[in-house]
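Architecture at a glance
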Amino acid sequence: MTSGGAATPLAQLQARFGLELISTDPASLAAAGVDHRRLYHGKPLAIASPRSTLEVSQLLAFCDARRIAVVPQGGNTGYCGAATPDESGTELVLSLRRMRAIRRIDPANDSMVVESGLVLAEAQQAAAAAGRFFPLSLGSEGSCQIGGNLATNAGGVQVLRYGMMRELVLGLEVVLADGRVLSSLDALRKDNTGYDLRHLFIGAEGTLGVITAAALRLFPPPRAIATAFVAVPDPQAAVTLLGALRSASGDRVSSFELLPRIALELVLRHLPDMRAPLAGPSPWFVLCELTSARAEDPLDAILQDALGAAFESGLATDAALAQGERERREFWRLRENIPEAQRRDGPSLKHDVSLPIDRLPAFVEAASAWVASEAPMAQLVCYGHVGDGNLHFNLGQGATLAAAQRDTDLLKPHEDRVKRAIHDLVRAHGGSFSAEHGIGRLKVEELQRYASPVELELMRLIKQAFDPNGIMNPGKVLPRSSCAD
Ligand SMILES: Cc1cc2nc3c(=O)[nH]c(=O)nc-3n(C[C@H](O)[C@H](O)[C@H](O)COP(=O)(O)OP(=O)(O)OC[C@H]3O[C@@H](n4cnc5c(N)ncnc54)[C@H](O)[C@@H]3O)c2cc1C
């Protein structure tokens, strides 16, 4: 009770839903109040952990009536601070961790319906156990959740073949801010009945409602895989090689990742159990993979022939084909550990950008030249899902500094200047300043700067229509003033 006798929002929540649902356990509050990189800090009012869609609905209706802000939180692996509450101590974190049921798998319809708290790796395993394949694959798949993947429209390493999360969804169950439930879980592949509302929640980062379940698309599992680690002279050669491989393989390229020499060196330096797949040096490498649902498809031979042609035309200078699943996993571990190696190397400035693929080499050249002349103290580590035009354009400080200074973030004072230059160059090359990590609280100003007035106006109207009281994840994606607080 407050001194005036009125119960506080926390006391009201606990009186209505009980301590089992509304926790203030200090360790849980501390964990929910910070992102996985420890860049964003907040102070949750409490953590609500509902067990069913009904409980989510009752919670949101209760919070909406009392204007209690709600921050949905999945695996808390996002990069933009979108799942972290603010410092006010008034925002309720809504954890989906108890809602992880697999409601139904239907191999004949190539679909499954799962609750949004299911961990991505568990969804992949459930599909595999039913003889099907769920293709979303990210470095964080052991802890990120389907709801978080949907709310961020996650990408990952198979986008080239299967698309981003948006393309892997047949329907959603969502609880709106006022507690009403919107459901389209029938897993229909054709349904042209007016506006397709589900797509508004995908990539909305929890600002329009809470996703409680999803009908996901499944595929025949890959039965043949061929993977190669290829040395290429430059990004232009990589882009040309991608086109050549797609043609030569009948469009069976499922991943095509570009990494610079420095990324490989960082991984080898910080993760000593790794080894380089190729003996000689190269300024750039590509990790590419062909997959097919037909076990008898001769993918190794197709890849070998295509790479032979690439050597002759100068698109590639060396290559190693994975000899079996163990070596294939080793190649992928090199790629997947770049973020971890960078983290161990010290602070860095990160930019998750996308370009039309044909303009990507020109962007890399222009942006690298800018870094060399305007931020010469930084070490550029530019890698990514080049098959999707997605680059992680990161500036690290590691190697340029003495060990004693490793933990001091010397690049921080340059952050705004660097970000502006890189994002302006992205815009000039027809790209996006946020390819797959979203907006969260990190890029709210960037969205205001780069989106057109008509886009911003429509986003504000959508926010107001779905969440008129502004309780859903306030201050994320759009500025707080967009909500009627
Ligand atoms: C090592 C590593 C590698 C990564 N690789 C990739 C990659 O290749 N591609 C990529 O796209 N991302 C990648 N990420 C980023 C991150 O893993 C993804 O964005 C992931 O989809 C976030 O899921 P999550 O469950 O952790 O969501 P959280 O971080 O908990 O939340 C993210 C956003 O979703 C909202 N949200 C969560 N659950 C719900 C729900 N049920 N309903 C409504 N809103 C909800 C939150 O409010 C927040 O706005 C990587 C992260 C790490 C740590």
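Residues numbered from 1 in each chain as written. Predicted model: local features only at pLDDT ≥ 70, side-chain atom pairs only at ≥ 80, totals over all residues.

Turning next to the overall build of the chain. Counting its regular elements, the chain contains 16 helices and 17 strands. Against the 2.2 N^0.38 benchmark of 23 Å for 485 residues, the chain shows a C-alpha radius of gyration of 23 Å, consistent with a compact globule. Here the C-alpha coordinates of the chain stretch approximately 80 × 55 × 45 Å along the principal axes. Out of the 485 residues in the chain, the part that is buried amounts to 48%. Counted over contacts in the chain with a minimum sequence separation of 6, partners at least 24 positions apart contribute 73%. (Helix = DSSP H or I, 4+ residues; strand = E, 2+ residues; numbered from the N terminus. Rg over C-alpha atoms; globule rule 2.2 N^0.38 Å. Buried ≥ 20, exposed ≤ 12 C-beta atoms within 10 Å, placed from the backbone. Contact = placed C-beta atoms within 7 Å.)

Glancing now at the packing of helix H8 (residues 235-248) against helix H10 (residues 299-313). The contact between H8 and H10 brings their axes to 10 Å, and the two run at 140°. In terms of orientation, H8 lies oblique with respect to H10. Both H8 and H10 take part in a crossing whose hand is right-handed. Contacts from Leu241, Ala244, Leu245 and Ala248 of H8 reach H10 at Ile302, Asp305, Ala306, Ala309 and Ala310. (Axes fitted to C-alpha atoms, helices over the stretch in contact; angles between N-to-C directions. Parallel < 35°, antiparallel > 145°, perpendicular 65-115°, else oblique. Left-handed = near helix turned anticlockwise from the far one by under 90°.)

Further remarks concern the site of the ligand. As a matter of local geometry, the ligand sits amid 36 residues, with Gly74, Gly78, Gly147, Gly148 and Gly206 nearest to it. Mapped by element, the contributors of at least two residues to the shell around the ligand are strand E3 (70-73), helix H5 (146-151) and strand E9 (209-217). Here the shell around the ligand gets four residues from one element, more than from any other, and that element is H5. Tallied by class, the residues present in the shell around the ligand amount to 13 nonpolar, 20 polar and three charged. (Near = placed C-beta within 6 Å. Nonpolar A, V, L, I, M, F, W, Y, C, P; charged D, E, K, R; others polar.)

Moving on to unusual backbone geometry. Keep in mind that most residues, glycine aside, have a negative phi and that most peptide bonds are trans. Located in the positive-phi region is Arg67, a residue other than glycine, with phi close to 60°. Summarising the element assignment, Arg67 is placed in the loop between helix H3 (53-66) and E3. Classification of Arg67 as partly exposed rests on a count of 13 C-beta atoms within 10 Å. Although it is not a glycine, Val477 adopts a positive phi angle of roughly 70°. Note on placement: Val477 falls in the segment after helix H16 (453-466). We classify Val477 as buried; it has 24 C-beta atoms within 10 Å.

Glancing now at the sheet that holds strand E5 (residues 102-106). The antiparallel open sheet is built from five strands, whose spatial order is E5-E6-E9-E7-E8. The open sheet has two edge strands with one neighbour each: E5 and strand E8 (181-183). Taken pair by pair, the neighbouring strands of this sheet meet at an average axis angle of 15°, ignoring direction. Sheet topology note: the E5/strand E6 (residues 111-115) ladder contains four bridges and is antiparallel. For Arg104, the partnering residue across the bridge sits in E6 and is Val113. (Pairing = 2+ DSSP bridges.)

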